[in-house]
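These are the residues of each chain, in order.
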Amino acid sequence: MHCIQVGIASTIAVFAHEVPHNVSDFAVLVNSGVSTFRALQLQFVSALGTFAGAAIALVLGSAVEGLAAKILPFTAGGFLYVAASSVLPDLVREPQRGAQSAREVLAFATGILMMVFVSVLE
C-alpha cells in the first residue's frame, strides 16, 4: 500500500508540472514562428524522453529494492535547486505588484507543501 500512495502522489505531481510545462513550450514554439503541426511534432519527440525515463524507472525499481526511497530525495533536491537558482532570481529581479507577488509566493509554497505531502506518504 505504501508504494501505491507514493506512486499516486508522484503521478499527480508530475502531471501538475508537465502539463503546464508542455503547453508553455508549445506556445513558445508557435510564437517563435514554428508551425502548429511542427510544434506538436517537436513536443511529441520531447515527450518520448518521459516514456523512456518511466521504462527505466520501472525496470530498475523492480530490480533494486528500496530504489524509490533513494531517488526521491535527489529528485526533490533537483526541483529545489531549479527553483532557487533559476526561478527565484527572476522573480526578485522583475518589479511586481503586490497581488502578483502574493500569487508567486503562494505557488512556491504550494510546491513545497506538495513535497512535504509526498514525504509524509512515504
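Counting restarts for each chain: residues are numbered from 1 in the order of the written sequence. The predicted origin of the model limits local features to residues at a pLDDT of at least 70 and limits the giving and counting of side-chain atom pairs to 80 or more, whereas totals for whole chains, interfaces and linings rest on all residues. Only hydrogens and water are set aside when side-chain values are computed; all heavy atoms of the structure are taken into account.

Participant: What exactly am I supposed to notice about the environment of A27 here?
Facilitator: Secondary structure is summarised from DSSP: a helix means a run of H or I of at least four residues, a strand means a run of E of at least two, and numbering begins at the N terminus for each. You can see A27 is positioned in helix α1 (residues 2–31). Throughout, exposure labels follow a simple rule: accessible area from a 1.4 Å probe, protein chains only, divided by the maximum for the residue type, with under 20% read as buried, over 50% as exposed, and the rest as partly exposed. Classification of A27 by relative accessible area gives partly exposed; the value is 33%. When the C-alpha atoms of A27 and L80 are compared, they prove to be 25 Å apart, with 53 residues separating the residues in sequence.

Participant: So what exactly am I meant to see when it comes to a nonpolar patch on the surface here?
Facilitator: Every patch collects residues that have over 30% relative accessible area and no salt bridge, joining them within 9 Å if they carry like charges and within 5 Å if they are nonpolar side chains (Val, Leu, Ile, Met, Phe, Trp, Tyr). Each accessible area is a Shrake-Rupley estimate made with a 1.4 Å probe; only the visible protein chains count as cover when residues are assessed. A pair is scored as a salt bridge if a Lys or Arg side-chain nitrogen falls within 4 Å of a carboxyl oxygen belonging to Asp or Glu. Together, L80, F108, I112, V116 and V120 make up a nonpolar patch on the protein surface, roughly 410 Å² of accessible area in all. Considering every element that reaches the nonpolar patch, the biggest residue donor is helix α4 (residues 98–121), with four residues. Locating I112 in the fold gives a position in helix α4.

Participant: Sorry, what's going on with the side chain of Q43 here?
Facilitator: Along the chain, Q43 falls in helix α2 (residues 36–63). Of the residues examined, Q43 reaches a relative accessible area of 14% and is grouped as buried. Setting aside residues up to four positions removed in sequence, Q43 forms contacts with N22, D25, F26 and L29. Contacts were defined at the residue level, with two residues in contact if any of their heavy atoms lie within 4.5 Å.

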